[in-house]
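Each chain, written out:
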Amino acid sequence: MAKQQGRNAYQWFTREITTRVNERLVMRNELQDAIDEQRLELYYQPLYDQAGDIVTVEALLRWNHPARGFVPPSEFIPLAEETGQIMAISRWVLERACLDLELLGARGHDGFKVAVNVSPLQFHRAGFLDTLRETLASTQLPASRLELELTEGVLLKDAEDAVDVLHDLRRMGIDVSIDDFGTGFSSLNYLKQLPISKVKIDRSFIKEVTHSADDASIVQAIISMAHHLGLTVVAEGIETEQQHRLLKGYGCELFQGYLLARPMPLEQLELLLRVGTELPSEMNQRD
Ligand code: C2E
Ligand code: MG
Ligand code: MG
Ligand code: MG
C-alpha cells in the first residue's frame, strides 16, 4: 500500500516535471521565433520632473504572442536569462531604443533621454561596453542621451568587476540608475562609492506610502540619504494624486507611474510629445 502510494506520488512528480520542462521548452522556442521574426516590441514610459516635463522615457520590452497576447517581461526575461537568449534580446533592445530616440529627435522631440534596463548576464559579459559603443556609433545617438537601469543584484554580484564597468560608463558619459531600490541588500553606504546618478525607489514602497507610516519613513529616509550623496531620486509606480503630492513634498525629483502615463508604443509617445498632455485613456490602455 505504502509502496503503491510512493509509486503514484513518484509518477505524479515526474509527470509534473515533464509538463513544466515541456512548457519551458515550448516557451523558449516561441521566444526564439519572436526574436528571429522581430516580433518583440519596445514600449516607452515617461519619467516626469516636478514641473511636469518629460526628462526620460524608459524602454520596456513587450512580447506580443500570437496566441497568448502580451506576455509580461517578468515571465520571459528570467527564462531568457537562463537560456542565454537575453544576449540577443538585449542587443536588439539597445539598438531599437537608440534608433527610436534618434527618430523622435529628427521630428523635433529631443529634450529627454532614454533609459534601458540591463540584465545581469548582459552587464557581466565581456563585450558589454563594446556593444554599447558600437550601438551608439551606428545609431549616432550621443552617449549623454542614454541611461542604463541596473538592479542592486547586478552590482552585488561580482562587485569589483561591476565597479570597474560603472567607471567606464561614467567616462563614456552614460548615466546609471539603480532600479527597484530598497528591495536588494545593498546599503546607501555601499552606493556612496559607486559612480551612479539616480536611485529609483521600488514600487512596493510607493504603493502604501500614503497609508503606512513605516513605508513613509523608509521613503523619506531613502530620499534624504540619496540627496546627501548627490543622487537624484525617482519614485516609480505612482498611481494616485495623493502619492504624487506626498512624494513631491518629500523632495523626490522624478515621477513615473500609471497616474502620469502608462508604457506606450512609439507612435503614442510621439503623439503625447506633440500634444503635451496625457492621451484619452482608451487610446492608452495597453501596457
Ligand atoms: P522595471 O524596470 O522596474 O520597470 C517598471 C515596471 O513597472 C514596468 O513593468 C512598468 O510597466 C511597471 N509600472 C510602471 N508604472 C506603474 C504603476 O503605476 N503601477 C504598476 N503596478 N506598475 C507600473 P514591466 O514593463 O512589466 O516590466 C517589468 C520588469 O521587466 C522591469 O521592471 C524590468 O526589470 C524588466 N524589463 C522590462 N524591459 C526590459 C528590457 O528591455 N531588458 C531587461 N533586461 N529587463 C526588462
Ligand atoms: Mg527599470
Ligand atoms: Mg524599476
Ligand atoms: Mg520595479
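Right above here is the structure, for reference.
Residues numbered from 1 in each chain as written. Chains lettered and ligands numbered in written order. Predicted model: local features only at pLDDT ≥ 70, side-chain atom pairs only at ≥ 80, totals over all residues. Heavy atoms only, no water.

Caption draft 1: Quick peek at helix α7 (residues 159–172). Look at α7: 20 Å from first C-alpha to last across 14 residues, which is about the 20 Å you get at 1.5 Å a residue. Within α7 the residues assigned to the buried category are Ala 162, Val 165, Leu 166, Leu 169 and Met 172. The buried residues of α7 occupy an angular sector of 120° when projected down its axis, which confines them to one face. Facing away from the buried surface of α7 by more than 90 degrees, the exposed residues are Glu 160 and Arg 171. Each element contacted by the buried residues of α7 is listed here: α4 (120–124), α5 (128–139), β5 (146–151), α6 (152–156) and β6 (175–181). A positive backbone phi angle near 90° is found at Gly 173, which sits one or two residues after α7. (Helix = DSSP H or I, 4+ residues; strand = E, 2+ residues; numbered from the N terminus. Expected span 1.5 Å × (residues − 1). Buried < 20%, exposed > 50% of the residue type's maximum accessible area, 1.4 Å probe, protein only. Arc of directions from axis to C-beta. Contact = heavy atoms within 4.5 Å.)

Caption draft 2: Main features of unusual backbone geometry. Of note, the phi angle at Gln 140 is positive, near 65°, even though the residue is not glycine. Relative to the assigned elements, Gln 140 resides in the loop between α5 and β5.

Caption draft 3: Representation of the coordination of the magnesium ion (ligand 4) within the structure. Each protein donor to the magnesium ion (ligand 4) is listed here as Asp 180 (OD) and Glu 236 (OE); together their distances run 2.2 to 2.5 Å. Since its relative accessible area comes to 25%, Asp 180 is described here as partly exposed. (Donors = N, O, S within 2.8 Å, 3.2 Å for Na, K, Ca; no water.)

Caption draft 4: The arrangement of the side chain of Lys 198 in detail. One can find Lys 198 in strand β7 (residues 198–201). Here the side chain of Lys 198 touches Glu 147 through a polar contact of 2.6 Å, side chain to side chain. Setting aside anything within four residues of it in sequence, one finds Lys 198 in contact with Thr 56, Glu 147, Val 176, Ser 177, Ile 178, Leu 231, Thr 232, Val 234 and Leu 254. (Polar contact = N/O pair within 3.5 Å; in protein donor to acceptor, adjacent residues only side chain to side chain.)

Caption draft 5: The coordination of the magnesium ion (ligand 3), seen in detail. Note on the magnesium ion (ligand 3): its protein donors are Asp 179 (OD), Asp 180 (OD) and Glu 236 (OE). The metal-donor distances range over 2.0 to 2.7 Å. Each donor residue of the magnesium ion (ligand 3) belongs to the same chain, and together they define the spacing D-D-x55-E. In this structure, the magnesium ion (ligand 3) lies 3.7 Å from the magnesium ion (ligand 2), and both are coordinated by Asp 179. Of the two residues, Asp 180 is situated in strand β6 and Glu 236 in strand β8 (residues 232–236); the sequence distance between them amounts to 56 residues. Owing to a relative accessible area of 10%, Glu 236 belongs among the buried residues under this scheme.

Caption draft 6: Up close: the site of ligand 1. Around ligand 1, a shell composed of 22 residues is seen, among which Arg 62, Asp 179, Arg 203, Glu 239 and Tyr 258 lie nearest. Within the side chain of Asn 117, an N or O atom sits 2.9 Å from an oxygen atom of ligand 1. Calculation on ligand 1 without its partners gives an accessible area of 800 Å², and the protein chains cover 84% of this total. Secondary structure elements with two or more residues in the shell around ligand 1: β2 (54–65), α2 (73–83) and β6. By residue number, the principal contributor to the shell around ligand 1 is β2, which donates four residues. Split into classes, the residues belonging to the shell around ligand 1 amount to nine nonpolar, five polar and eight charged. (Near = heavy atom within 4 Å. Areas by Shrake-Rupley, 256 points an atom, 1.4 Å probe, with all protein chains shown as cover. Nonpolar A, V, L, I, M, F, W, Y, C, P; charged D, E, K, R; others polar.)

Caption draft 7: Looking closely at helix α11 (residues 241–249). The complete set of buried residues in α11 reads Gln 243, His 244 and Leu 247. Looking straight down α11, one finds that the buried residues subtend no more than 100° of arc, so they occupy a single side. The outward face of α11, more than 90 degrees from its buried face, is lined by the exposed residues Arg 245 and Gly 249.

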